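# Fold and contact review
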Amino acid sequence: MSSLETRKRGLAEDVPLPSGSGEESGRALKALRSHASDASMWPAMSPPPPDDFDLLLPKQPPPSPMTALFRPSVDQTTKYVVVSGGVCSSLGKGVTTSSIGALLRGHGFRVTAIKLDPYLNIDAGLMSPYEHGEVFVLDDGGETDLDLGNYERMMFLSLLRENNVTTGKIYDSIIKKERRGDYLGKTVQVIPHVTGAIIEWLDRAARVPVDGSTLRPQICMIELGGTVGDIESMPFIEALRQFKFSLPDNSLAWCHCSYIPDMSGQKTKPTQHSVKALLAAGVQPDLIVCRSAEPLHDSTKKKISNQCNIPAARILSAHDVKNLFHVPKVLAEQHIMGLLNGVLALDRLDVSRSKTPTGMAPDTSLRTLVDWNDFAMQVDAADAAPEVVIAFVGKYNEGGADAYQSVVAALHHSAVAMKRKLKIDWVDATDLETGKDAASQQRAQKAEARLQAAHGIFVPGGFGDRGIEGKARAAGLARKWKKPYFGVCLGMQVAIMQFARDELGLTDATSEEFDKEKKCKHHVIMYMPEIAKDTMGANMRLGARWVEFPNQESSMCSGLYGGADRVMERHRHRYEFNIAYKERFEAKGLVFAGQDEKKERMDVIELRPTDHPFYLGVQYHPEYKSRPGQPSPPFYGFVAAACNPASVASVVAECRKKGTNTHWTPFEL
């Protein structure tokens, strides 16, 4: 018998088990404790295991990123709000993300935003406007999903291409690493390599300031595109699940958007199944935002609460409102900031350093909830005012407003500033093209009558030759009728083409884009010489560039920018004006008011006020930088001219008096 067994036996003999009164039991327990005071009597207790499994791994060598145990190290000072969607697409995840971000900005937090798109495209640059909506261009030239436009407009940010993550980008980076041999022969798999790449990307992008300051963001909004349950979004959900557990407590809140149909009452079953799909992926949402026609009933919230493991107070109603600028108020009234504070401990963050740094221009963006409420009321008032009708001569009209979302937003911002209700008459460019048959001629006459009835004519950008002659005809009619005209990108190019035909007598004037076989002699629009012709994706003049006004005193466009001698605007084009024709155009009265820094590219054309009340074309895309309460200057001037052509001079003078805005004339060292 071992010494330990001998001691145990002796202990049992010395202290018999009590079988009598409580007093006897107490004496026996006291005797047992006195014997246990001898440390050698019992084996030592094992130490508690470390909380983090990584501490159990050997310290040398360090864990390799190629092993199955790899978990990317992430910054643990940023907090995250993830917004996902279920039941169906087009629920308003982008609006929800933007509104929450706007409220956070209104509380002084430094915010950034990331969009996760599950499609395999590298970016949105080559995606059809019919299928995916507009391509939103960022300052660094990134061609991204239109939701990033929502983020910039609502949160007043200037995002970068890394703020849009696609499956294509992730797989492209992984395959390049594999081809370089970075994985050292390991089997490359969805877990851990794809999920690890997503986590690394999120961590890297969340550190970059995008609010005009040099301070890193405190909160990162993450919108997960698609619908929970889709196969293509599974790696992103798994990556976000892993990401949450690589962060400290109170670092990530998950907000799930769902749909509540009203069929003889509000039905919760779609939401229940949506949340169960999320739970099956290992994610418990912290908040549920429910889209519905009417505010959620208490009974509806209670049913969702019972079935989805979430308190009723964390189930928010996102019901229909007059305009989307009411959404921040709708969420704020349901105490979403307090709920996020409870999940993320936001009150521990320091907002004192988020103020405008000394020496910078004061921030005039909408920030507080009061600001958003005031602007929403301005929109309501404008909707009740007389209409200003804009004939929108586009080629992607069948794609709906999403195909031109930023343009529509810029027109709307300008109409609100003018206290008028915006009405867009969608005129398909092909309807203006006259053919030999009677049907096409009759269709063109009807489309022409719609142009004449409108207060202003707008021609947006686009690619390809379909509808080009209709757009050019619209530009020519606006000049002939002296009706306010504004052309963006292709809208400027067709105005130049039609001017050459009508005023210079160059009847075959066209663009190289539409004359691949070189049948025409006069290419007044030419292919940019430095742009390669063998690829299409991201192969353009993209991103923010300086546009200079050599004669800002006389330029109407410069006046709308407050008399600026140059502005920073975003471009997206691969064709430009052929400067070999410049003198001939100027001799006929066309003013090239804006140009690039090298004075080689013409970016702005105008007609003098004595020749036309408002005729403006710009090669860049000013719609991308329009903001609520800060409408794009060219769009503002155009809508003002449409409201009252006789007031253009006074509007330009008023803009000059206000001076420049750092949003378009950023300070540079």
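Nothing here was measured: the structure is a model prediction, and the numbers come from that model.

Turning to the overall build of the protein, a few remarks are in order. Tallying secondary structure elements over the protein gives 21 helices and 21 strands in all. The buried share among the 669 residues of the protein stands at 53%. In the protein, once contacts between residues fewer than 6 apart in sequence are set aside, the share between residues at least 24 apart is 73%. With the model as given, the accessible surface of the protein reaches about 30,900 Å², and the carbon-plus-sulfur share is 53%.

Here we have three strands laid out as an open sheet, ordered β14-β15-β18, and mixed in their pairing. Strand pairing shows two members of the sheet lacking a second neighbour, β14 (510–511) and β18 (575–577), which therefore form its edges. Pairing of β14 with strand β15 (residues 523–527), which is carried by two bridges, proceeds in the parallel orientation. Considered in β15, the bridge of T510 is made with H523.

A word on the environment of K598. Along the polypeptide, K598 turns up in the loop between β19 (590–595) and β20 (602–607). When the C-alpha atoms of K598 and E548 are compared, they prove to be 9.5 Å apart, with 50 residues separating the residues in sequence.

A few words on the pattern of salt bridges. In this structure the tally under the stated criterion is 32 salt bridges. For K177, the salt bridge is made with E200, and the minimal N-O distance between the two is 4.0 Å. Taken together, the residues span a long stretch of sequence, with K177 in helix α6 (residues 167–180) and E200 in helix α7 (residues 190–206) at a distance of 23 residues. Classification of K177 by relative accessible area gives partly exposed; the value is 28%. Given a relative accessible area of 31%, E200 falls into the partly exposed group. The salt bridge involving K658 is made with E654; its shortest N-O contact spans 3.8 Å. With K658 and E654 both in helix α21 (residues 648–658) and four residues apart, the pair spans about one turn of that helix. The exposure class assigned to K658 is exposed, which follows from its relative accessible area of 64%.

The next thing to look at is the packing of aromatic side chains. The relative placement of two aromatic rings is captured by the distance of their centres and the angle of their planes. Counted according to the given criterion, the structure contains 25 aromatic pairs. Aromatic side chains Y485 and Y615 sit 4.8 Å apart centroid to centroid with 20 degrees between the ring planes, which places their arrangement in the stacked category. Here Y485 is found in strand β13 (residues 485–488), whereas its partner Y615 is found in strand β21 (residues 615–618), with 130 residues between them in sequence. Both residues of the pair, Y485 and Y615, count as buried. Between R204 and the ring centre of W201, over which it is positioned, the NZ or CZ distance is 5.0 Å. Over the aromatic face of W546 sits the side chain of R566, whose NZ or CZ is 3.7 Å from the ring centroid.

Moving on, we get to the side chain of K301. Mapped onto the elements of the fold, K301 is located in helix α10 (residues 298–308). No salt bridge is formed by the buried K301, whose closest oppositely charged neighbour, D298, lies at an N-O distance of 5.1 Å. When residues no more than four places from it in sequence are discounted, the contact partners of K301 are L296, A312, I315 and Q334.

Turning our eyes to something else, we now look at a positive patch on the surface. Side chains of K267, K269, K276 and K303 sit close together on the surface and give a patch of like positive charge. The topology assignment puts K267 in the loop between β7 (252–259) and α9 (269–280).

So, about the nonpolar core. Looking at soluble globular proteins, one finds that nonpolar side chains tend to be buried together. Core analysis: the biggest nonpolar cluster contains 44 residues, and L411, F458, F486, V604 and F614 have the highest contact counts within it. Of all the secondary structure elements, the ones that give two or more residues to this core are β10 (387–394), α14 (405–417), β11 (421–428), β13, α18 (556–560), β21, α20 (633–643) and α21. Once residues within four sequence positions are removed from consideration, F614 is found in contact with K483, P484, Y485, F486, M556, L560, P634, G637, F638, A641 and V648. In terms of nonpolar packing, the next biggest core, distinct from the first, is built from 43 residues, A495, V524, F592 and M602 among them.

Now for the sheet that holds strand β6 (residues 219–224). Pairing is parallel in the open sheet, where seven strands are placed in the order β5-β2-β6-β1-β7-β8-β9. In the strand order of this sheet, the two ends are held by β5 (164–166) and β9 (315–319), each with one partner. Strand after strand, the sheet turns through a mean of 20 degrees between neighbouring axes, direction not considered. Relative to strand β8 (residues 287–292), β7 is paired through five bridges, and the arrangement is parallel. Of the residues in β8, the one forming a bridge with H256 is I288. Contacts from helix α8 (residues 234–245) reach β1 (79–85), β2 (111–117), β5, β6 and β7 within the one sheet, and its direction differs from that of β7 by about 145 degrees. Packing of α9 onto the sheet brings it into contact with β1, β7 and β8, and relative to β7 it is tilted by some 145 degrees.

A separate point is the pairing of β6. In terms of residue burial, β6 counts as a mostly covered element, since six of its six residues are buried. The two faces of β6 match: I219, M221 and E223 on one face and C220, I222 and L224 on the other face are all buried. Strand direction decides the pairing type here: β2 and β6, joined by six bridges, are parallel. Among the inter-strand pairings, K115 is bridged to a residue of β6, identified as E223.

Here the focus is helix α17 (residues 490–503). Look at α17: 19 Å from first C-alpha to last across 14 residues, which is about the 20 Å you get at 1.5 Å a residue. Among the 14 residues in α17, twelve count as buried, and that is most of the element. Along α17, the residues classified as buried are L490, G491, M492, Q493, V494, A495, I496, M497, Q498, F499, A500 and R501. Downstream of α17 by one or two residues, G505 has phi in the positive range, about 75 degrees.

Procedures and definitions
Residues numbered from 1 in each chain as written. Predicted model: local features only at pLDDT ≥ 70, side-chain atom pairs only at ≥ 80, totals over all residues. Heavy atoms only, no water. Helix = DSSP H or I, 4+ residues; strand = E, 2+ residues; numbered from the N terminus. Buried < 20%, exposed > 50% of the residue type's maximum accessible area, 1.4 Å probe, protein only. Contact = heavy atoms within 4.5 Å. Areas by Shrake-Rupley, 256 points an atom, 1.4 Å probe, with all protein chains shown as cover. Pairing = 2+ DSSP bridges. Salt bridge = Lys/Arg side-chain N within 4 Å of Asp/Glu carboxyl O. Phe/Tyr/Trp six-rings, centres within 6.5 Å; stacked < 30°, edge-to-face > 60°. Lys NZ or Arg CZ within 6 Å of the ring centre and 35° of its normal. Lys, Arg positive; Asp, Glu negative; His and termini not counted. Patch = residues over 30% accessible without salt bridge, like charges linked within 9 Å, V, L, I, M, F, W, Y side chains within 5 Å. Charge placed at Lys NZ, Arg CZ, Asp CG, Glu CD. Core = buried A, V, L, I, M, F, W, Y, C linked by side-chain atoms within 4.5 Å. Axes fitted to C-alpha atoms, helices over the stretch in contact; angles between N-to-C directions. Expected span 1.5 Å × (residues − 1).

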